[in-house]
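Reading the structure
The lines below spell out each chain.
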Amino acid sequence: MIVKQFVKTFAIVGVFFLQQIAAPPSAHAEPDLSGLWLPDIKDQKRQEASNMPPWKPDILQQVQHLVAEEKAGRPFLVLSHCLPHGMPSWMLMTHNAFELLVTPGRITMLGEVDGNRMRRIYMDGRKPPEDPDLSLHGYSIGHWDGDTLLIDTVSIVPQAYIAISEAVGIPNNGDMHVVEHIHLAESNVMHDDLEVTAPNVLTATWKTTRIFRRYPDRHYEVTEGECAQEDLVPGKDANGNDIFVPNAQGAFGTVHTK
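Just so it is clear, the model here is predicted, and its values are computed rather than measured.

What follows covers the overall build of the protein. Of regular secondary structure, the protein possesses 5 helices and 15 strands. By the burial criterion, 36% of the 258 residues in the protein qualify as buried. Contacts in the protein between residues far apart in sequence, at least 24 positions, make up 53% of those at least 6 positions apart.

What follows is the structure in structure tokens.
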């Protein structure tokens with residue numbers, strides 16, 4: 001009886017083993033997006049002039065004013081007040097590295113500066129919440145379409161900028177929707193094709209691509225980043241303890257004090 005059971009078990013294992021050998025390889029393997037990515041700042045600069053968002057006429061006047069102020073040495077600080085970049089500005093004009101972590105059910109982006117940014121992309125098949133809390137980064141849901149990661153982001157606060165540079169950006173003013181198609185153009189070159197719909201400031205959906213590069217041999221690390229030196233400065237409380245106190249604000253951002 002024991003011998004028969006052993007033979008039967010051995011036969012089942014053998015069949016399974018043969019099936020595994022004969023089975024064709026997986027038809028699709030998701031690209032590896034994990035690691036540290038640095039933005040292509042040169043291409044960002046190129047697109048500032050070559051691929052301007054389709055601003056509404058009254059919004060375009062505001063943009064032209066911001067451009068003129070920057071040229072005059074009075075740049076508007078889009079990233080002041082220690083707020084995160086938000087979407088889509090993080091992907092559009094960040095100059096800092098970010099780390100992309102792939103874990104079951106979600107993808108997480110961790111970035112430098114602004115108190116260390118974090119963006120979550122849910123990959124577990126969920127639907128957007130019916131009554132979401134609005135945030136600067138919004139609510140992102142993603143899924144794979146072949147080799148491309150599709151991300152749909154909604155629930156973004158109206159105060160989040162559509163920024164083409166650190167000195168030129170306009171709040172989206174509500175109802176913004178961002179769709180991204182992220183894919184590897186090369187093994188260590190990632191393209192983020194963005195489609196930004198913002199009916200209160202744009203005349204049509206704006207399409208643009210941002211490029212990020214990975215350098216696996218250089219062992220870059222995301223470091224802690226704070227904006228305390230911009231909107232906060234060292235000071236003392238009433239008891240003489242070391243604290244941070246608000247920095248003076250001028251018409252074009254912070255005014256550094258001694």
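Moving on, there is more to tell.
With that settled, consider the sheet that holds strand 5 (residues 139-145). Spatial ordering of the closed barrel is given by 1-2-3-4-5-6-9-10-11, a layout of 9 strands whose pairing is mixed. The average undirected angle you get between the axes of adjacent strands in this sheet is 30 degrees. Relative to strand 11 (residues 206-214), helix 2 (residues 41-50) is tilted by about 165 degrees, and along the sheet it contacts strand 1 (35-39) and strand 11.

Attention shifts here to the nonpolar core. Counting 39 residues, the largest nonpolar core has F98 and I162 as its most contacted members. Element by element, the count of residues in this core is highest for helix 4 (residues 89-93), at 4 residues.

A pair can form between side chains of opposite charge whenever their charged atoms are brought close. Under the defined criterion, the tally for this structure stands at 7 salt bridges. Note that R46 is salt-bridged to D43, the shortest N-O span being 2.9 Å. Highlighted residues: R46 and D43, both in helix 2, separated by 3 residues, approximately one helical turn. Classification of D43 by relative accessible area gives buried; the value is 13%.

What counts and what doesn't
Residues numbered from 1 in each chain as written. Predicted model: local features only at pLDDT ≥ 70, side-chain atom pairs only at ≥ 80, totals over all residues. Heavy atoms only, no water. Helix = DSSP H or I, 4+ residues; strand = E, 2+ residues; numbered from the N terminus. Buried < 20%, exposed > 50% of the residue type's maximum accessible area, 1.4 Å probe, protein only. Contact = heavy atoms within 4.5 Å. Pairing = 2+ DSSP bridges. Axes fitted to C-alpha atoms, helices over the stretch in contact; angles between N-to-C directions. Core = buried A, V, L, I, M, F, W, Y, C linked by side-chain atoms within 4.5 Å. Salt bridge = Lys/Arg side-chain N within 4 Å of Asp/Glu carboxyl O.

Remember, this is a structural readout, not a statement about activity or role.
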